[in-house]
Amino acid sequence: MSRDNPAAIAVELRLRIDELYAHYIACLDEARYDAWPGFFTEDCVYKVLPRENHDRKLPLATIAAESRGMLIDRVYGMQNTLFHQPYYQRHMVSGLFVRGVDYAGDAADTAGGRRLLTQANYAVFRTKQNALSEVFNVGRYIDIIVEREGRLLFAEKLCVFDSELIPNSLIYPI
Amino acid sequence: MSRDNPAAIAVELRLRIDELYAHYIACLDEARYDAWPGFFTEDCVYKVLPRENHDRKLPLATIAAESRGMLIDRVYGMQNTLFHQPYYQRHMVSGLFVRGVDYAGDAADTAGGRRLLTQANYAVFRTKQNALSEVFNVGRYIDIIVEREGRLLFAEKLCVFDSELIPNSLIYPI
Amino acid sequence: MSRDNPAAIAVELRLRIDELYAHYIACLDEARYDAWPGFFTEDCVYKVLPRENHDRKLPLATIAAESRGMLIDRVYGMQNTLFHQPYYQRHMVSGLFVRGVDYAGDAADTAGGRRLLTQANYAVFRTKQNALSEVFNVGRYIDIIVEREGRLLFAEKLCVFDSELIPNSLIYPI
């Protein structure tokens, strides 16, 4: 396994992974939140957590969900119960690469037999009403992608952000 | 048409689209403005408009041009008549994907027969003289690309930005 | 040589170049600085310099190294002697393209015979302890990549940044 091509996946699959991220951020930035849980497996893990906690393996996360159902609940909360000023998000993703490929024995977890371990940097800009766009949250995605019925889905998505100062204002998904 | 691969275009074409955007932003960020209209078809549409107006289908745009000739005029204005403090731009483009492929009947519009409908997020940083780099304008490109004589060109480019607070200071193309 | 495909390199090589940048920024952003010199050839050139100096061909650079050994020294300095407040970096790279391909006669410089001339925009966000993430340094990479023993390495990397106001606080590599 060389550093140049650690996972030796085919070009077409590599581009499909690119597109998964492109569609994911388009979904969020266009505020189509109802479609957001559809990017995840039913038994997914989704967490937004500060880098310090991730590096020290501390369990505390700003947002933590352990199923697609919890993501659906989160969307409901965002749209109906959480009190917040609305804002626009704009995601940039860069430096995407495949960390490795996993052949888990658990067939339920790995339709097709393969789990793609990916990583990418992200930056999210926030624009509040009548305000300038500003840097909101930067960090990296540490993800696991599986294929289910011909579609790539996130089995796990960790959003590990660099600054500790944003958590309470973090309403929409990263 | 799956979400993973909505337009089923060939890998080589996909990479050529990537390169089109790479050259486009390099042209702008190196301030080679005279070359900028060359990225567009003669009968192109180019608009920079706030997200609110786009979402509500309001016609008002901060910048609007309906031909390559108008882009050339814009460049002339930037360089000769518009009074402004010069600044550097630095573009980042992310999340590029092909929304679809169009087979327009109008041959004049579609040499090769095909129109590629693309979308991508962008972020532009501005650096004024003796100042720090700052977030200037973020949003998304909603574009239509055609092939003419072996080159990909923008038949339409909408730059839909998230904040309403920048228009009067927007001098150079996005 | 068309604008669409100036260097006519194969798809697989193009994706390997993408991955080189992805791994490069991951290395820096994860603060694995000891691994950073390994991205360069032994006789590499690495410079961080303001755009004004680059455009006017002035020699002054904020950071300049002319061998991998000097990069190793730089890492030692960062970690042991340079007095500074630590901060996190987060790189975004966008608009990567191959400017051209060089067939240098000097075999020592060109295992495989080929030098890939690349360019990309970058933006670096900085996060200090107990502070918000902020725009730190934006500019472009102007690089030369060679292949050595099956791995892509930087023979030259110029980090040409847009603002002149950051040099004395620039500790970690860009």
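Residues numbered from 1 in each chain as written. Chains lettered and ligands numbered in written order. Predicted model: local features only at pLDDT ≥ 70, side-chain atom pairs only at ≥ 80, totals over all residues. Heavy atoms only, no water.

Student: Can you help me understand the confidence of the model for chain A in this one?
Tutor: Atom-level detail of predicted coordinates should not be read off regions where pLDDT is low. Residues and elements named next belong to chain A. Looking at chain A, pLDDT values average 90 and 88% of them are 70 or higher. Counted against residues more than four places away or in other chains, residues 1-6, with its pLDDT under 50, gives 17 contacts. Note on the complex model: pTM 0.93, ipTM 0.91. (pLDDT = per-residue confidence, 0-100. Contact = heavy atoms within 4.5 Å.)

Student: Looking at this model, I keep getting lost on the sheet that holds strand E1 (residues 40-50) of chain A. Mind explaining?
Tutor: As a general point, the strands of a sheet are linked pairwise by backbone hydrogen bonds and lie either parallel or antiparallel. Residues and elements named next belong to chain A. With respect to topology, 6 strands assemble into an open sheet ordered E2-E1-E6-E5-E4-E3, the strand pairing being mixed. Strands with a single pairing partner mark the edges of an open sheet, and in this sheet they are strand E2 (63-65) and strand E3 (87-102). Sheet twist, expressed as the mean angle between neighbouring strand axes with direction ignored, is 20 degrees. Here E1 pairs with E2 via 3 bridges, running antiparallel. By the bridge assignment for E2, Tyr46 is matched with Ala65. In the packing of helix H1 (residues 11-29) onto the sheet, the strands contacted are E1, E3, strand E4 (115-128), strand E5 (134-148) and strand E6 (151-161), and the crossing angle to E3 comes to about 155 degrees. Packed onto the sheet, helix H3 (residues 68-80) meets E1, E2 and E6 and runs at close to 60 degrees relative to E1. (Pairing = 2+ DSSP bridges. Helix = DSSP H or I, 4+ residues; strand = E, 2+ residues; numbered from the N terminus. Axes fitted to C-alpha atoms, helices over the stretch in contact; angles between N-to-C directions.)

Student: When you look at the relation of the copies chain C and chain A in this model, what are you seeing that I'm missing?
Tutor: Applying a rotation about an axis and a shift along it to one chain copy brings it onto the other copy. Mapping chain C onto chain A leaves a residual RMSD of 0.0 Å; the transformation is a rotation of 120 degrees accompanied by 0.0 Å of translation along its axis. Taken together, the turn and the small shift mark the pair as related by a three-fold rotation axis. Of all interface residues in chain C, a mere 16% are interface residues in chain A too; the two copies therefore contact each other through different surfaces. (Least-squares fit on C-alpha atoms with pLDDT ≥ 70 in both.)

Student: Explain the interface of chain C and chain A here, please?
Tutor: How big an interface is tends to be stated in terms of accessible area lost as the parts join. Between chain C and chain A, the contact holds 31 residues from the first and 28 residues from the second. Taking both sides of the interface into account, the surface hidden between chain C and chain A amounts to around 2,700 Å²; carbon and sulfur atoms contribute 55%. Among the residues of chain C in contact with chain A, Tyr88(C), Arg90(C) and Met92(C) are the three that bury the most area, contributing 26% of the side total. Here Asp162(A) ties to Arg90(C) by a salt bridge, and the two come within 2.8 Å at their closest N and O atoms. Taken together, the links from chain C to chain A amount to 10 residue pairs in polar contact (both at pLDDT 80 or more). Breaking the side of chain C that touches chain A down by element, the ones donating at least two residues are helix H1 (11-29), strand E3 (87-102), strand E4 (115-128), strand E5 (133-148) and strand E6 (151-161) of chain C. Residue composition of the side of chain C that touches chain A, by class: 16 nonpolar, 8 polar and 7 charged. (Buried area = accessible area lost by both parts, 1.4 Å probe. Salt bridge = Lys/Arg side-chain N within 4 Å of Asp/Glu carboxyl O. Polar contact = N/O pair within 3.5 Å; in protein donor to acceptor, adjacent residues only side chain to side chain. Nonpolar A, V, L, I, M, F, W, Y, C, P; charged D, E, K, R; others polar.)

Student: Where do I start with the side chain of Arg115(B) in this structure?
Tutor: As for its position among the elements, Arg115(B) is in strand E4 (residues 115-128). Among the polar contacts made by the side chain of Arg115(B), one reaches the side chain of Asp102(B) at a distance of 2.8 Å.

Student: What should I look at first to understand the sheet that holds strand E1 (residues 40-50) of chain C in this one?
Tutor: Residues and elements named next belong to chain C. A sheet is described by the order of its strands in space; here 6 strands give the open sequence E2-E1-E6-E5-E4-E3, paired in mixed fashion. With partners counted over all chains shown, the strands left at the sheet margins are strand E2 (63-65) and E3, one partner each. Neighbour-to-neighbour, the strand axes of the sheet open up by a mean angle of 20 degrees, direction not taken into account. Bridge count for E4 against E5 is 13 bridges, and the pairing is antiparallel. Across the sheet, residue Tyr122 finds its bridge partner in E5, namely Gly139. The strands touched by H1 are E1, E3, E4, E5 and E6; relative to E3, the strand with the most contacts, the crossing angle is about 155 degrees. Helix H3 (residues 68-81) contacts E1, E2 and E6 of the sheet and is inclined by roughly 60 degrees relative to E1.

Student: Help me understand H3(C), please; the structure alone is not making it clear to me.
Tutor: An α-helix turns once per 3.6 residues; consequently, residues spaced three or four apart project the same way. A rise of 1.5 Å per residue sets the reference length of H3(C), with its 14 residues, at 20 Å; its end C-alpha atoms lie 19 Å apart and thus fit the reference within 8%. Buried residues belonging to H3(C) abut E1 and E2 of chain C. (Expected span 1.5 Å × (residues − 1).)

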